[in-house]
Amino acid sequence: MKRFFGLLPKPSPLRPESRVYDLKERLDWGEPALTIIDVRDRTDFNESHITGAISMPADSLLATAASCFEVTRDLYIYSNTDDEAAAVAEQLREVGFSKVAIVRGGVAAWKAAGFPIEMVTVEVA
């Protein structure tokens, strides 16, 4: 963590490939100007996802991203594999998003670090 005016700690800036610890540091700091996007399918998202992440499956992300986010918004992307996340991140960069990072290891790395996850439970009537 860097120091703001040498006094207060300041979180590390967004990097194209971020560790779960980098993202957690920003969340703990209370950094509101970021969005965590889970690009896996809804079933995987419902089973477990990083707390605060939104579900935008890769096949529909590009169609909706432009209407949902400013191109300068910090976006953290994760999927089942880093390669899948990197491919989606590159597509977002190609359409003009300038601050896109992948979360290396995705939800598995997040869980392994002991950070909170969420699950979506659906009740059947």
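What you see is a predicted model, and the numbers here were worked out from it, not measured in a lab.

Chemist: Outline the side chain of Lys 24, supporting the account with residue identities and numerical values.
Modeler: Position of Lys 24 among the secondary structure elements: in helix H1 (residues 20–29). For Lys 24, a relative accessible area of 18% corresponds to the buried category. Apart from the residues within four sequence positions on either side, Lys 24 is in contact with Trp 110, Phe 115 and Pro 116.

Chemist: Explain the packing of aromatic side chains to me, using residue names and the numbers behind them.
Modeler: With the rule as written, the count across this model stands at two aromatic pairs. Measuring from centroid to centroid gives 5.7 Å for Tyr 21 and Phe 115, while their planes differ by 80°, and the two rings are edge-to-face. Of this pair, Tyr 21 sits in helix H1 while Phe 115 sits in the loop between helix H5 (106–112) and strand S9 (117–118); the two residues are 94 residues apart in sequence, bridging distant segments of the chain. Note on Tyr 21: relative accessible area 47%, which makes it partly exposed. Grouping aromatic residues by their ring pairs yields a cluster made of Tyr 21, Trp 110 and Phe 115. Here the basic side chain of Lys 24 rests over the ring of Phe 115, its NZ or CZ set 5.5 Å away from the ring centre.

Chemist: Please provide a residue-by-residue account of the pairing of strand S7 (residues 74–78), values included.
Modeler: With respect to burial, S7 is a largely interior element, five of its five residues being buried. A two-sided burial pattern is seen for S7, the buried positions comprising Asp 74, Tyr 76 and Tyr 78 on one face and Leu 75 and Ile 77 on the other. Note: strand S4 (residues 34–38) against S7, five bridges, orientation parallel. Bridge pairing links Thr 35 to Leu 75 in S7. Strand direction decides the pairing type here: S7 and strand S8 (residues 100–103), joined by three bridges, are parallel. Bridge assignment links Tyr 76 to a residue of S8, and that residue is Ala 101. As for the winding sense of the linkage, the β-α-β connection from S7 through helix H4 (residues 82–94) to S8 is right-handed.

Chemist: Give a description of the nonpolar core that names residues and reports values.
Modeler: Here is a general trend for soluble globular proteins: nonpolar side chains tend to be buried in one another's company. With 15 residues, the main nonpolar core has Ile 37, Leu 61, Leu 75, Ile 77 and Leu 92 as its most contacted residues. Listing elements by their share of this core, those giving two or more residues are helix H3 (58–68), S7, H4 and S8. Broken down by element, the residue count for this core peaks at four residues, all from H4. Discounting chain neighbours no more than four positions away, the residues touching Leu 61 are Ile 37, Val 39, Met 56, Val 88 and Leu 92. Counting 14 residues, the second largest nonpolar core, distinct from the first, contains Phe 45, Tyr 76, Ala 101 and Phe 115.

Here is what the cut-offs are and how they apply
Residues numbered from 1 in each chain as written. Predicted model: local features only at pLDDT ≥ 70, side-chain atom pairs only at ≥ 80, totals over all residues. Heavy atoms only, no water. Helix = DSSP H or I, 4+ residues; strand = E, 2+ residues; numbered from the N terminus. Buried < 20%, exposed > 50% of the residue type's maximum accessible area, 1.4 Å probe, protein only. Contact = heavy atoms within 4.5 Å. Phe/Tyr/Trp six-rings, centres within 6.5 Å; stacked < 30°, edge-to-face > 60°. Lys NZ or Arg CZ within 6 Å of the ring centre and 35° of its normal. Pairing = 2+ DSSP bridges. Right-handed = clockwise from strand over helix to strand, strands pointing away. Core = buried A, V, L, I, M, F, W, Y, C linked by side-chain atoms within 4.5 Å.

Treat this as a map of the structure, not an account of what it does.
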